[in-house]
Amino acid sequence: MKRGTFMKKIEGGVCAAKGFRAAGIHCGVKANSPKEKNDLALIVSDVACATAATFTNNRVKAAPLYVCMEHLENGIAQAIVANSGNANACAPSGMDNARRMAAAAAKAVGIEENLVLVGSTGVIGQRINIETIEAHMDALAAKLSTDGSAAANNAILTTDLVEKTVALEFTCGGKTCHIGGIAKGSGMIHPNMGTMLCFITTDCAVDPSILRTALQDAVAHTFNRISVDGDTSTNDTCVIMANGMAGNELIDWKNEDYHVFYDALYEVALTLAKKMAADGEGASKLICCTVKNSRAEEYAERLAKAVIASSLVKAAMFGADANWGRILCAMGYSKAPFRPEYVTIGFSSAAGSITVCQNGRALDFDEDLAKKILLEKEVSIDVDIQEGDAEATAYGCDLTYDYVRINGDYRT
């Protein structure tokens, strides 16, 4: 089935699906943070939800991830509480404070503590101000509404320059269903499941085990194919909650309805992943690298990720320099099998397309046209390795002076 056949974009983010409300407020998690910037978010379903999540593969994990893992042993949750300004990672009393955060949210909305998931993002190694979070939880719960997605999205942003939200309507089992998400991620983005938080909600009825399978597959083909700076966070979390309020027949195996639902989930995840890559810290453009005609999708993915993660390639894209040798070099150290003498490389954007390397050798090409193509806000690096029929696309951004400026004094 062609992706998007039964989908249309709508407004609402995590509140687009029936039965979900959200809110965000400023409570001062980080000292001296601007009062106009929310830093505490809450997402709640009217009923308990089938829930699945993926987390960072970093061996160093923040306390909220362990609390989520504990609470998701049965695949059921009803609320998510999340903060920015402090990662609660490698921090004093981290587990106790993550549990206090879940308990405060549970009390404020009137549900059991084990139905609450926790997310945090911000500075690593500092004690989180749990007292201010607890003191503001009732006020946060009082703001819950079906119009609260944007406020919740604002609350989880850190160095992000734009909010990251999407929602879709689709038909599944003869019922109109909805799915929507919010995310944050701008720096420390190289997911292995960026600092990445992503919360997705749907009113489609899906069995928890099938939901977990769908999320893991979608994450593997979207969030795990982006990179801003090659750093995998301690806090990467992606959660999906499905409350079944659309009234479709429960999806409990990989039938036609499953594939319709999966395509909607994939589209939400891909949209949010590309928004993260485009909003990389200091970035001026989105870079997409597609490797086609590989022996296997795994190899194509490894090659594409090596290209968009290369600091030298990223710097060349910032300077609009068609330095294709850096692309071939990055492919060479990816440890994916390919024959350099078969490789063709080109660039494309809204300004046109150009081939700069064929069969592993330089071509005479129009440098002025190449620069014009590379000056666009979204640039594609097109690689054909002429060895098979598999392909994969990875997403990243350029490396600018501002990345160093932002991260040189992030903690202070």
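Please read these numbers as outputs of a predicted model, since none were measured by experiment. By convention here, each chain's residues receive numbers from 1 onward along its written sequence. Where totals are concerned, whole chains, interfaces and linings use all residues; where local detail is concerned, this predicted model gives features only for residues with pLDDT of at least 70, and gives and counts side-chain atom pairs only at 80 or more. Heavy atoms throughout the structure, all of them, feed into the side-chain values; hydrogens and water do not.

A. Structural view of the nonpolar core. Core analysis: the largest hydrophobic core is formed by 45 residues, its most contacted members being Phe170, Ile179, Phe223, Ile240 and Phe261. Sorting the residues of this core by element identifies β3 (40-55), β6 (164-172), β7 (175-184), β8 (197-202), α5 (208-221), β9 (237-242), α6 (256-278) and β10 (286-294) as the ones contributing at least two each. Think of it this way: any DSSP run of H or I at least four residues long counts as a helix, any run of E at least two long counts as a strand, and we number them from the N terminus. For this core, the leading source of residues is α6, giving 14 residues. Nonpolar cores are built from buried Ala, Val, Leu, Ile, Met, Phe, Trp, Tyr and Cys residues. Side-chain atoms within 4.5 Å join them into one set. Any residue under 20% of the maximum accessible area for its type is buried, any over 50% is exposed, and the rest in between are partly exposed; the area is computed with a 1.4 Å probe on protein chains only. Ala322, Val356, Ile373 and Val383 belong to the second-largest nonpolar core, a separate cluster that totals 35 residues.

B. View of unusual backbone geometry. Of note in this structure, Asn88 is not a glycine but carries a positive phi near 50°. With a phi angle near 70°, Lys335 is a residue other than glycine that sits in the positive phi range. Within the secondary structure layout, Lys335 lies in the loop between α9 (324-332) and β11 (344-349). Looking at Lys335, the relative accessible area reads 75%, which means it is exposed.

C. Just the environment of Ile381, in detail. Tracing the backbone shows Ile381 in strand β14 (residues 378-384). Take Ile381: its relative accessible area is 0%, and that puts it in the buried class. With 33 residues separating them along the chain, Ile381 and Ser348 place their C-alpha atoms 6.7 Å apart. By definition in these notes, contact holds between two residues if any of their heavy atoms fall within 4.5 Å. Among residues more than four places away in sequence, those in contact with Ile381 are Ile287, Cys288, Cys289, Thr290, Val307, Val313, Met317, Ile327, Gly346 and Phe347.

D. Quick peek at the packing of α5 against α6. Fitted lines through C-alpha atoms give the axes, limited to the stretch in contact for helices. The angle between two N-to-C directions lies from 0 to 180 degrees. In contact at an axis separation of 10 Å, α5 and α6 are set at 40° when each is read in the N-to-C sense. With respect to each other, α5 and α6 are oriented oblique. Considering only the axes of α5 and α6, their crossing is right-handed. Across the interface between the two elements, Ile210, Leu211, Thr213, Ala214, Leu215, Asp217, Ala218 and His221 of α5 pack against Tyr258, Phe261, Tyr262, Leu265 and Tyr266 of α6. Classes in brief: Ala, Val, Leu, Ile, Met, Phe, Trp, Tyr, Cys and Pro nonpolar; Asp, Glu, Lys and Arg charged; the others, Gly included, polar. For the contact of α5 with α6, the class distribution of residues is 10 nonpolar, 2 polar and 1 charged. Orientation categories follow fixed angle ranges, with anything under 35 degrees roughly parallel, anything over 145 roughly antiparallel, 65 to 115 roughly perpendicular, and all other angles oblique. In this scheme the handedness of a crossing depends on how the near helix is turned from the far one: anticlockwise by less than a right angle means left-handed, clockwise means right-handed.

E. Summary view of the sheet that holds strand β15 (residues 390-397). The pairing criterion for strands is at least two bridges between them, as found by DSSP. Ordered by their spatial adjacency, 6 strands build an open sheet running β13-β12-β11-β14-β10-β15, and the pairing between neighbours is mixed. Two strands bound the open sheet, and with one partner strand each, they are β13 (361-362) and β15. Pairing of β11 with strand β12 (residues 352-358), which is carried by 5 bridges, proceeds in the antiparallel orientation. Paired with Gly346 across the strands is Thr355, a residue of β12. Of the strands in this sheet, β11, β12, β13 and β14 touch α9, which is tilted by about 120° from β11.

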